[in-house]
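Each chain, letter by letter, is given below.
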Amino acid sequence: MDVIETDIAIVGAGGAGLRAAIAVAESDPSLSIALISKVYPMRSHTVAAEGGAAGVIKGNDSLDNHFNDTVSGGDWLCDQDAVELFVNTAPVELLQLEHWGCPWSREANGTVAVRPFGGMKIERTWYAADKTGFHILHTLFQTSLKYPSIRRFDEYYSTDLIVEDGRCTGVVAIEMRSGRMVAFRAKAVVIATGGAGRIFPFTTNGAIKTGDGMAMAYRAGVPLKDMEFMQYHPTGLPGTGILITEGSRGEGGILVNKDGYRYLQDYNLGPPDPWPRKKAMELGPRDRLSQAFWHEQQKGRTIKTPHGDVVHLDIRQLGEKMINERLPMVRELALAYVGVDPVHAMIPVRPVVHYTMGGIHTDIDAATPLPGLFAAGECACVSINGANRLGSNSLAEIVVFGARAGRGAAAFAKANSSKANPKPASAGAAAEAAQARLRELFEREGGGDSVSSLRKAMNDTMESGAGIYRTEQTLQETCGILADLRARYRKMPLQDRSNVFNTDLIQALELGCMLDVASAMAQSALQRKESRGSHQRLEYPDRDDANYLKHSMANYRGDAAPSISYRDVVITRSQPAERVYGGAAT
Amino acid sequence: MSEIIMLEVLRYHPETDSAPYFQRYTVPYQDDWVVLDALNHIKDHLDATLSYRWSCHMAVCGSCGMMINGEPKLSCHTFLRDYRGAVIRVEPLDHFPIERDLVIVMDSFMDKLSSVKPWLIPKQDKPPSAGEYLQSPAELGVFHQYTQCINCLLCYAACPQCGLNEDFVGPAALALAHRYNLDSRDGGKDARAEVVASNEGIWECTFVGACSEVCPKHVDPAAAIQQTKISASVDWLKDLLTPGGHR
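Cut-off values and rules
Residues numbered from 1 in each chain as written. Chains lettered and ligands numbered in written order. Predicted model: local features only at pLDDT ≥ 70, side-chain atom pairs only at ≥ 80, totals over all residues. Pairing = 2+ DSSP bridges. Helix = DSSP H or I, 4+ residues; strand = E, 2+ residues; numbered from the N terminus. Axes fitted to C-alpha atoms, helices over the stretch in contact; angles between N-to-C directions. Contact = placed C-beta atoms within 7 Å. Domains from an automatic or database assignment. Parallel < 35°, antiparallel > 145°, perpendicular 65-115°, else oblique. Nonpolar A, V, L, I, M, F, W, Y, C, P; charged D, E, K, R; others polar.

Undergrad: How should the sheet that holds strand S15 (residues 311-314) of chain A be read in this particular structure?
TA: Pairing between the strands of a sheet comes from backbone hydrogen bonds, and it takes one of two forms, parallel or antiparallel. Residue and element names in this part refer to chain A. Read from one edge of the open sheet, 4 strands run S13-S16-S15-S14, paired in antiparallel fashion. Whereas interior strands pair on both sides, the edge strands pair on one side only; in this sheet they are strand S13 (230-236) and strand S14 (254-256). For this sheet, the mean inter-axis angle between neighbouring strands, taken without regard to orientation, is 45°. Where S14 meets S15, 3 bridges bridge the pair, whose relative direction is antiparallel. Residue pairing across strands places Val-256 opposite His-312, the latter belonging to S15. Helix-sheet contacts for helix H7 (residues 286-298) involve S13, S15 and strand S16 (347-356), and the interaxial angle to S13 is about 65°.

Undergrad: How should the domain arrangement of chain B be read in this particular structure?
TA: Bring the parts together and some accessible area is lost; that lost area is often taken as the interface size. Residues and elements named next belong to chain B. As assigned here, chain B comprises domain 1 (4-104) and domain 2 (107-241). Taking the mean C-alpha position of each, domain 1 and domain 2 sit 30 Å from one another. Listed by partner, the interface residues are 11 residues for domain 1 and 12 residues for domain 2. Of all the elements in the fold, those that place two or more residues in the side of domain 1 that touches domain 2 are strand S3 (65-68) and strand S4 (71-74).

Undergrad: What am I meant to see in the packing of helix H3 (residues 80-99) of chain A against helix H10 (residues 393-415) of chain A here?
TA: Two quantities define a packed helix pair, namely the angle between the axes and the distance from one axis to the other. Residue and element names in this part refer to chain A. Relative orientation of the contacting elements H3 and H10 amounts to 95°, with a least axis distance of 9 Å. Looking at the two axes, H3 sits roughly perpendicular to H10. Note on element contacts: H10 touches H3 through Ala-396, Glu-397, Val-399, Val-400 and Ala-403, opposite Phe-86, Thr-89, Ala-90, Glu-93, Leu-94 and Leu-97. Across the contact of H3 with H10, the residue classes tally to 8 nonpolar, 1 polar and 2 charged.

Undergrad: Please explain unusual backbone geometry as it appears in this structure.
TA: Glycine aside, residues mostly have negative phi angles, and peptide bonds mostly take the trans form. Residue and element names in this part refer to chain A. Along the chain, Gly-270 connects to Pro-271 via a cis peptide bond; the corresponding omega equals 5°. As for its placement among the helices and strands, Pro-271 is situated in the loop between S14 and H7. Cis geometry is adopted by the peptide bond preceding Pro-274, which originates at Asp-273 and carries an omega value of 0°. Tracing the backbone shows Pro-274 in the loop between S14 and H7. Positive phi, close to 65°, is recorded for Trp-76, a residue that is not glycine.

Undergrad: Looking at this structure, how should I read the domain arrangement of chain A?
TA: All names here are of chain A. Domain annotation for chain A reports domain 1 (2-231 + 355-419), domain 2 (236-352) and domain 3 (429-568). The straight-line distance from the C-alpha centre of domain 2 to that of domain 3 is 32 Å. No other element matches H7, which puts 4 residues into the side of domain 2 that touches domain 3. For the side of domain 2 that touches domain 3, a count of residues per class yields 2 nonpolar, 2 polar and 1 charged.

Below is the structure:
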């Protein structure tokens, strides 16, 4: 097997991975960086983020406000030391993006503009029209090109971490254009591979978001934290699941049911007027809005369509000029994919799986419990999002913790350089074992299950059993089906046994990752017998701080279901209280 | 019987095929399906060996550019309903080597993109702690359309010059250089000129304008290149006329 020596290996080249790479390059230009991604950087799913990135910048706001909004928005499951660090650093990182050329939308006086977002008391969401993620990703990618120490390995699919003597010393990957396996031997590794929305059938997430990095870390013994918390975004287009940004409500859009009634007022989010108003009605948090849709559906007040029930998002009152200026992509997407021009008609929308709040357990330095392994972005759980992420916190999170992971990895590599790469000439036993597993997959015979059939079964059971509302029975059923699917997966043959750009192989490996991550989600959900944020159990409707003010830690146990242990939440200055939105919100 | 539609897809596997060939697939017709949905149907139900790139399914990641009935298109943004009753021919993007099936080799583009120095070279350096560079909405408006490029490469497939000269820097990369040159925060025009104003740069463009016509994001690379030509000519003249100004 080919061996590539590098100081730092970064897996994933979206917002967090690119920011990490730049941070390493800036902290020490002599460190070599291998930036490994299964897609070209500009294809990474950061590209699809729309509404904006939160960071306190205006005189009417304060870091305390951002802290309090985030902690209560997360239903007190956030680690408050991490949130504190996050809100303090977000403005610095967003300014850094500005200095790298990010085309932020501007006020008339030339300062960056901010817009209101759900669950945020003050408008603090920086935006670049409604293509903020796209602009952040391209700014970071283009900026990364100026650092000679960043060597990119585009379209390399990482399969395994190399762990030796209790330390992460690299990663094994498949070069997709040739099919050959490569061992990257590194002094430190950063995982920045994004979320796992593709585990569900109806999602805003692109095809690439299959939890690969989460699965790699999990299989290497790093716990996955708070995996039961999956965010449903309240406004996705029926059929495709294409995201319609919360920015459209931030700018004044409203949601109405089949009777034209602003139904959110029935769910502790009203009164409807005055509007727009922060932390109320359509600017409530995503968990509450998606749950309100579910209740409206139960009451028969949603609108039937061939692609499931919908409600209507109405932004007509903004007028054509404002829509073109601030929400141009919303208009284009609605026109193209549902045939609605939002200047003149209401957009059909329904809740859609959007963001994986849980992820690879890290401390506030983005370090995992496995020495030498760091993680940042949606794949990680540094615990700033708790049980419900506020919109626009994740674009800030990728730069804040991406940079931190890069600096942490650089420091680790320098401190441990003498001990690294004990057998630099060979790939090592761990890499050879990874190659043997791949060979076994190629050699499997027979018909039976295919990637698409197992994937569909997984998608279906996750939606029916682990959706917006869950019960003991549905979760038990889902856990059982996942166990069966994992067993069948171990026998599933490839249909394409060739080497060059074998997407049947890549999809098979991605499915394996998703099945492992899905079982962590379902088991964590089954064992959390309370309702908090995005995790709602019908038979346990209340939050239970006495028993569950804790992070779930899913530990990998091979073919068996994961074991779930618990970890205390870090509480510094905000004691758990009731989450209040609508007229009574402060 | 429910309606169907026929796709004729270019297949090529370098390990087994001496030349590309076409394979026909019949897929169910759905009014709101795009060509990518049809390809995914093939992949999932008919032929798992078909290879192509895709991710976002919302015309922003730029992965799924293909020739569809001879025109460069994003397959996630090209609806079956516009081809009803016809055979849809799907091929990899023109002017690039084929890696496999619909997957092109795009190394040359990645090299061209970085060659134009597509990053901000600040006019005046200051640390982030000193706050943002002020930029009025009008100043942003000057370069805003050129920030919209998703690197989907449709313009390279459409540009006749890209077919004739593989070294031509090409529409997307030149438009991106122009984007930074026009940014009020930037002072890097001279640093970019070496590549941008070279023989393989703007002067290779014959102003057919196909790049701008096919751009799914309404970027106008042809205009960027013409503006750059004028600006480069003015700089050249200035240099010529300024005593001691020869570089």
